[in-house]
Amino acid sequence: MALVLVLIALGSIAFHLLSPWWWTPIASNWDYIDTTLIITFWITGIAFAAIVLFVAYCVFRFRHRPGQQAAYEPESRRLEAWLIGLTALGVAAMLAPGLIVWGQFVRVPSHATEIEIVAQQWRWSFRLPGADKRLGAADIRHVSDENPLGLDPQDAAARDDVVVDGGDLHLPVGHPVKVLLRSIDVVHNFYVPEFRAKMDMIPGMITYFWFTPTRTGAFDALCNEVCGVSHYAMRGRVVVDAEPEYRTWLDQQKTFAQLASGPAGIRHAARLRADRGR
Amino acid sequence: MADAQFGAAGALPRADLDDVELYHPHSWLTKYVFSQDAKIIAVQYSCTALAIGLVALVLSWLVRLQLGFPGVASFIGPKEYYQFITMHGMIMVIYLLTALFLGGFGNYLIPLMLGARDMVFPYVNMLSYWIYLLAVLVLVASFFVPGGPTGAGWTLYPPQAILAGTPGQEWGIVLMLVSLILFIIGFTMGGVNYVVTVLQARAPGMTLMRMPLTIWGIFTATVLALLAFPALFVGAVMMLLDRLLGTSFFMPAIVEAGQRLAYGGGSPILFQHLFWFFGHPEVYIVALPAFGIVSDLISTHARKNIFGYRMMVWAIVAIGALSFVVWAHHMYVSGMNPYFGFFFATTTLVIAIPTAIKVYNWVLTLWRGDIHLTLPMLFALAFIVTFLNGGLTGLFLGNVVVDVPLSDTLFVVAHFHMVMGVAPILVIFGGLYHWYPKVTGRMLDERLGQLHFWATFLGAYAIFFPMHYLGLMGVPRRYFDIEGLGFVTPSVATLNAFISIVAFLVGAAQIVFLVNLARSRTHGAPAGGNPWRATTLEWQTPETPPAHGNWGRTLPVVYRWPYDYSVPGADRDFVPQNQPGLTRAEAGAAS
Ligand code: HEM
Ligand SMILES: [Cu+2]
Ligand SMILES: [Cu+2]
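All figures in this text were calculated on a predicted structure; none of them were measured in a lab. (Residues numbered from 1 in each chain as written. Chains lettered and ligands numbered in written order. Predicted model: local features only at pLDDT ≥ 70, side-chain atom pairs only at ≥ 80, totals over all residues. Heavy atoms only, no water.)

1. Examining the coordination of the iron atom of ligand 1
Residue and element names in this part refer to chain B. Looking at the metal site, the iron atom of ligand 1 is ligated by His88 (NE2) and His417 (NE2), spaced 1.9 to 2.0 Å from it. One way to put it: the six donor atoms around the iron atom of ligand 1 meet at angles of 87 to 178°, and that makes the site octahedral. Placement of His88 in helix α4 (residues 78–114) and of His417 in helix α13 (residues 410–440) is noted, with a sequence separation of 329 residues between them. (Donors = N, O, S within 2.8 Å, 3.2 Å for Na, K, Ca; no water. Tetrahedral: all angles 85-135°; square planar, octahedral: opposite > 155°, others 65-115°. Helix = DSSP H or I, 4+ residues; strand = E, 2+ residues; numbered from the N terminus.)

Below, the structure is given as C-alpha cells:
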C-alpha cells in the first residue's frame, strides 16, 4: 500500500507534466485566469504530494509488527495552530489573485463594443450595432419566423442593427467586446474555450461577459448548459479577423431593416419552418 | 424473553414483564418486514439503496460506452444518453448515497453506538423506510412510462426540464419530482428520529463530547438535511405546478420552436438558487457521515486515538454551518449578479480550512500508530487520497474566476466524482467491511475483498484523475458526442476509450463485492462479538448480531471517550467505552 501511494503521488505529477492533454492556446486577454490557475495548480499540487507521501511514509514506518504499540497522543494545540495558519496562507495565496482577476472580469471597459448573442434550441444568432453604434430594443413579444431575435420594428436603433442568423460571428482582433446574452427559450451558455470566458443565457434576462480577442483565427463555440436533446449539437463559430477583413465581412451583412423587408427574411422564415417540420 | 406470553386480545400484559418485553415483535411479518427495529430498517434501507445503486452503475456503463466508443451502441441516441446521465446522477446522489449513509448507517449505528435500545420513534422510523421504498418505485416506474425518464440533467433546471425539447417531458419529469417529494417526506421522518435519538436517548455517561465521530458526522448531516431538503421540496412542488397547472414560478415568457408559450413572469434563476441551497449542503450530507466513519475506521485500525478529537468535532460543525453560505459557487456563470462572486468565492475557500484540518488529523492519527492494513483501513486510506484530490480541485472551482473556464466541463465531472462519488463510496465499502461482522456475525471474505479494493481504488483513480485534463482542454460535460469540436485533439478519443474500459472493470469489481456480501452471510468465518477489538459500544453488545432492544436487561454505562486505544497502563490495546477502569481487573473490582 505504501508503495502504491508513492506511485500515485509521483504518477499524478508525471501525468500532469507529461500528458498531451492541456488547455487550448489562449486567444483572449484572460491570461490572468490561466495565471491564477497555474498558481492554484502549484499550491494544490504541493499539498497533494506532501500529504500522500506523508501517508505513504506512515503506512510503511508504522505498519503493524508483533509487539508494537501505538503512541497515546490526544492532541497538540501548537501543531494544530501551525497547520491552520499554513493552510490559511495557502488559501489566501489563491483567493487574492482570484478575486483581483474577478474584479477585472465584472468591470467592463467603457470603450468596449456591445454585441449580442441570442440562443434558442439549438442554434445561435448574433447582432452587431449599426451605424448608430448601439443595439436597439428587443422583446420576446416581437419574435416571429421573420424576426427570430424579436427586435422592435418601431425602434430606429434596432432597425440598423446587423443581424447574423445562421452564419459565423466575426470580431475584430484587439477590440474589447461586451457580449450581451439572451435566450428566447431555455437556459443556454456560450463558450469558446480559447477565450476562457463564458456565461449562461437566461430567458427573460440579459446577461453579459467581456473579453478582448488577442489573435486572429476561427474558433469553435459550443453550448455549455444542458438545453435539451440536441444540446451537444448546438455549435457555432467565432472568427477573429484583422481590421480590414472584418470590415469586408461586416459590409456584406444585412441589417434588421433589410432582412425584415427583403426576400432574405422570407426565405429564412421558410427554411426555419422546414427545419421544424423535419 | 421469547416465551413472553400475552393475554387474550384486549387484556393487559402481565405486570411482571420487563418494559423491554412489551415492544418485541410477535410475528415474522412485524419482525422482518414491517419492522420497527432500527437495525432491520437499516438493512432494508441498505439493500434497497444498493439495489437501485446497481441500476445507476449499469447506467454509468452505458454512458461510458457511448463516450468511449461513440455510436457503437445503436440503442443509445441523444435522448437515451441524456436520460441515462440524469438518472445515474440522481440515483447516485439521493437514492444511493443519502439513503445509505443516513437510512442505512444512521439507523444501524446511532442507537448502538449511543447505547440506546432503538430510535426514539420506531413507528415513524418504519414509515420512513416504506416511503423511501415508494419513492424508489416511483423513480423506477419512470423508466416504463411513455417518453421514458427525464433527461433534464440531475439539476433539473427549468425551463428546459418541463419543455418539449427535453426527453421525458410527458411523464418522466413528473414522476421524478413526485419521487423526490416522497423521498424528502420519508427522509424527514427518519431525520427527526436521528436527531431526537442523539439528543435524548444516549446511555448514561455518553456525553456529547464522548460520542464517536461517526455519530457526530451523521448527526450534523441530518441537521443539514432537515434544513436543506425543504428548499428542494418547495422547488419540486413549484416546478410540478408549473408543469401540471401552468403556473409560472420558474417560467418567463418563452418562444419555443416558434410557438409563444402561455408562461410568463417567472424566474429560472430562482430555481437554481433553491436547488443549490439544497444541493451544496447535500454534498456535505454525504461527506460528513463519511468523515465521521472514516475517523473511526482509522482510529480503530491504527490502534490509536483520533488526533485532535475536539477539533474534529468543531470542524464538522463549522463545515456544516458554512455549507449553507456557499451554494452560489455552483452559479458563478449562471448570470446572477456577478458581484455575488466575491462573497461566495471567499466563503467557499474559507470552508477549505476546517476541511483541511480534518485531513491533517486523519493523517496525524496514522503517525506513530500501529497500522493494521485490514480492508476497512485500506478503504480509509484510499478515501484520504481521493478526498484530498477532489477537495483540492474544489479550490479551483470555488475560486470564482478559475471556475469560469472550467464550469460545465469534464473537470467538474471529475472533481465531484472524486470528492462526492468515489471518496464517500470508498467509506461506505470500508464501513460495510467493518460492521458487516456485527450485522451478520460473520466476516466478509478477505480475498474477494482485496480484489474488490484494489480494482475499485486504482480503477476509480484512473477513471477520474485524467478526466480533469480533458475538462481543462474544454471538453464539455453532458455531451452525447464531441465529434467535430476543433479544439479537441484526436488523442482525446484514446483517453476516452481507456477511461471507459477501466469503468467497465471497476463496475465488474462491484459485482464481486455483491457476491461477497451474499455469500459471506452463510459462508463467512464466524466473527465473534468484537473482531476488530474496538472500543465503541456497538461492539460490546451481549449478543452478535444484537437482539431487538440491543442491550438485554440493562443499558450500558459509559465511562470514557471512544478513542482509548493503546492507553499506557491498560491491559489491552483498547479500553471499551463501558469499561470503568483501565484494566479489566480494575473494572471487575470497581463493579
Ligand atoms: C464507476 C463509477 C462511476 C462512473 C464510471 C461514472 C460516470 C459518469 C459519467 C460518464 C457521467 C456523465 C458525464 C457527462 O457527460 O456529463 C456521470 C455523471 C454523473 N455522475 Fe457518475 N459515475 C460513477 C459513479 C458516480 C457516483 C458514485 C456518483 C455519486 C455522487 C455519481 C454522480 C454523478 C452525477 C451527479 C452526475 C451528473 C449527472 C448530470 O450531469 O446530470 N457518479 N457519471
Ligand atoms: Cu443550448
Ligand atoms: Cu457546492
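2. With respect to helix α1 (residues 2–18) of chain A
In this model α1(A) runs 24 Å from its N-terminal to its C-terminal C-alpha over 17 residues, within 8% of the 24 Å that 1.5 Å per residue would give. Buried within α1(A) are the following residues: Ala2(A), Leu5(A), Ile8(A), Ala9(A) and Ser12(A). Buried residues of α1(A), viewed axially, fall in a sector of 135°; they line one side. The exposed set on the far side of α1(A), more than 90 degrees from its buried face, consists of Leu3(A), Leu7(A), Leu17(A) and Leu18(A). On its buried side, α1(A) packs onto α2 (31–61) of chain A together with α11 (375–398) and α14 (446–473) of chain B. (Expected span 1.5 Å × (residues − 1). Buried < 20%, exposed > 50% of the residue type's maximum accessible area, 1.4 Å probe, protein only. Arc of directions from axis to C-beta. Contact = heavy atoms within 4.5 Å.)

3. Remarks on the coordination of the copper ion (ligand 2)
Residues and elements named next belong to chain A. Here the copper ion (ligand 2) is held by His188 (ND1), Cys223 (SG), Cys227 (SG) and Met234 (SD), and the distances to it run 2.1 to 2.6 Å. For the copper ion (ligand 2), the four donor atoms in the first shell make angles of 89 to 126° at the metal, a pattern classed as tetrahedral. Going along the chain, you hit the donors of the copper ion (ligand 2) in the pattern H-x34-C-x3-C-x6-M. Residue Cys227 shares its accessibility class with Met234, and that shared class is buried.

4. Describing the UniProt feature "domain: Cytochrome oxidase subunit II copper A binding" (unreviewed entry) in chain A
Within this structure's numbering, the places UniProt gives as "domain: Cytochrome oxidase subunit II copper A binding" (unreviewed entry) are residues 110–252 of chain A. Taken end to end, residues 110–252 of chain A has its terminal C-alpha atoms 28 Å apart, with 10% of it in helix and 39% in strand. (UniProt positions renumbered as here; feature names shortened; annotations may be inferred.)

5. As for the side chain of Thr386(B)
Within the secondary structure, Thr386(B) is located in helix α11. Aside from chain neighbours lying at most four places away, what touches Thr386(B) is Met418(B), Val422(B), Ala423(B), Leu426(B), Phe457(B) and Tyr461(B).

6. Quick notes on the interface of chain A and chain B
At the junction of the two partners, chain A supplies 96 residues and chain B supplies 116 residues. Carbon and sulfur atoms make up 71% of the area that chain A and chain B hide from each other, which totals about 9100 Å². The three residues of chain A that bury the most area against chain B are Trp21(A), Tyr72(A) and Trp102(A), which together make up 9% of that side's buried surface. At the surface where chain A touches chain B, the tally comes to one salt bridge. With its nearest N and O atoms 4.0 Å apart, the salt bridge here joins Arg478(B) to Glu225(A). Here chain A is connected to chain B by 27 residue pairs in polar contact (both at pLDDT 80 or more). Elements represented by at least two residues in the side of chain A that touches chain B include exactly α1, α2, α3 (77–106), β6 (188–191), β7 (198–201), β8 (207–211) and β9 (217–223) of chain A. With 17 residues, α3(A) is the single largest residue contributor to the side of chain A that touches chain B. Split by residue class, the side of chain A that touches chain B holds 59 nonpolar, 20 polar and 17 charged. (Buried area = accessible area lost by both parts, 1.4 Å probe. Salt bridge = Lys/Arg side-chain N within 4 Å of Asp/Glu carboxyl O. Polar contact = N/O pair within 3.5 Å; in protein donor to acceptor, adjacent residues only side chain to side chain. Nonpolar A, V, L, I, M, F, W, Y, C, P; charged D, E, K, R; others polar.)

7. Regarding the UniProt feature "transmembrane region" (unreviewed entry) in chain A
Residues and elements named next belong to chain A. Mapped onto the present numbering, the UniProt feature "transmembrane region" (unreviewed entry) falls at residues 38–60 and 81–102. Its end C-alpha atoms 32 Å apart, residues 38–60 is made of 100% helix and 0% strand. In residues 81–102, helix accounts for 100% and strand for 0%; the two terminal C-alpha atoms are 31 Å from one another.

8. A closer look at the environment of Tyr82(B)
Mapped onto the elements of the fold, Tyr82(B) is located in helix α4. For the pair Tyr82(B) and Thr393(B), spaced 311 residues apart in sequence, the C-alpha to C-alpha distance is 26 Å. Once you skip the residues sitting within four places of it in the chain, Tyr82(B) turns out to touch Val226(A), Gly228(A), Val229(A), His231(A), Tyr232(A), Thr150(B), Gly151(B), Pro167(B), Arg478(B), Tyr479(B) and Phe480(B).

9. Here we look at the pattern of salt bridges
Residues and elements named next belong to chain A. Here the structure, examined in full by the defined rule, presents 15 salt bridges over all chains. We note a salt bridge from Arg127 to Glu116, for which the minimum N-O separation is 2.7 Å. With Arg127 in strand β2 (residues 123–128) and Glu116 in strand β1 (residues 113–120), this residue pair connects regions lying 11 residues apart in the sequence. Of the two residues, Arg127 and Glu116, neither departs from the other in class, the shared state being buried. Among the ionic contacts, a cluster of salt bridges with common partners joins Glu116, Arg127, Asp161 and Arg182.

10. Points about the domain arrangement of chain A
All names here are of chain A. We note that the domain assignment places domain 1 (2–62 + 77–106) and domain 2 (113–277) within chain A. Summarising the inter-unit geometry, the C-alpha centres of domain 1 and domain 2 are found 39 Å apart. In this complex, domain 1 contributes 13 residues to the contact, which on the side of domain 2 involves 16 residues. In this assembly, domain 1 packs against domain 2 so that about 1200 Å² is buried in total across both faces, 51% of it on carbon and sulfur atoms. In this assembly, domain 1 and domain 2 are joined by one salt bridge. For the pair domain 1 and domain 2, the interface holds 13 residue pairs in polar contact (both at pLDDT 80 or more). Within the residue set of the side of domain 1 that touches domain 2, elements represented by two or more residues are α2 and α3. When residues in the side of domain 1 that touches domain 2 are grouped by element, the largest group, three residues, is from α3. Of the residues assigned to the side of domain 1 that touches domain 2, the class counts are eight nonpolar, four polar and one charged. (Domains from an automatic or database assignment.)

11. Let's talk about the site of ligand 1
Residues and elements named next belong to chain B. Close to ligand 1 lie 22 residues; Tyr81, His88, Trp154, His417 and Arg478 are nearest. Here His88 contributes a side-chain N or O atom positioned 2.8 Å from a nitrogen atom of ligand 1. Within the backbone of Trp154, an N or O atom sits 2.7 Å from an oxygen atom of ligand 1. Of all the elements in the fold, those that place two or more residues in the shell around ligand 1 are α3 (38–68), α4 and α13. A total of seven residues in the shell around ligand 1 trace back to one element, the largest contributor, which is α4. Residue composition of the shell around ligand 1, by class: 13 nonpolar, six polar and three charged. (Near = heavy atom within 4 Å.)

12. Some remarks on the environment of Val350(B)
Within the secondary structure, Val350(B) is located in helix α10 (residues 340–366). Remark: the alpha-carbon pair of Val350(B) and Thr535(B), spanning 185 residues in sequence, is separated by 34 Å.

13. Thoughts on unusual backbone geometry
Looking along the chain, the bond that leaves Gln121(A) and enters Trp122(A) is cis, with omega of -5°. As for its placement among the helices and strands, Trp122(A) is situated in the loop between β1 and β2. Here the amide bond leading from Thr544(B) into Pro545(B) is cis, since omega sits at -5°, within 30 degrees of zero. The topology assignment puts Pro545(B) in the loop between α15 (491–523) and α16 (584–590). Backbone geometry places Ala257(B), a non-glycine residue, at a positive phi of 45°. Mapped onto the secondary structure, Ala257(B) falls in the loop between β1 (255–256) and β2 (259–260). The class for Ala257(B) is partly exposed, based on a relative accessible area of 46%. Look at Arg368(B): it is not a glycine, yet its phi comes out positive at around 55°.

14. So, the nonpolar core
Counting residues in hydrophobic clusters, the biggest one holds 279 residues, and the most contacted among them are Phe190(A), Tyr95(B), Phe105(B), Tyr132(B), Leu156(B), Trp362(B) and Phe383(B). The element contributing the most residues to this core is α4(B), with 24 residues. Both domains that furnish three or more residues to this core are identified here as domain 1 (2–62 + 77–106) and domain 2 (113–277) of chain A. Contacts of Leu156(B), omitting those with residues within four sequence positions, involve Met90(B), Thr150(B), Ala161(B), Ile173(B), Met176(B), Leu177(B), Leu180(B), Met239(B) and Phe271(B). Of all hydrophobic cores here, the second largest spans 12 residues; its members include Val143(A), Leu149(A), Leu151(A) and Phe256(A). (Core = buried A, V, L, I, M, F, W, Y, C linked by side-chain atoms within 4.5 Å.)

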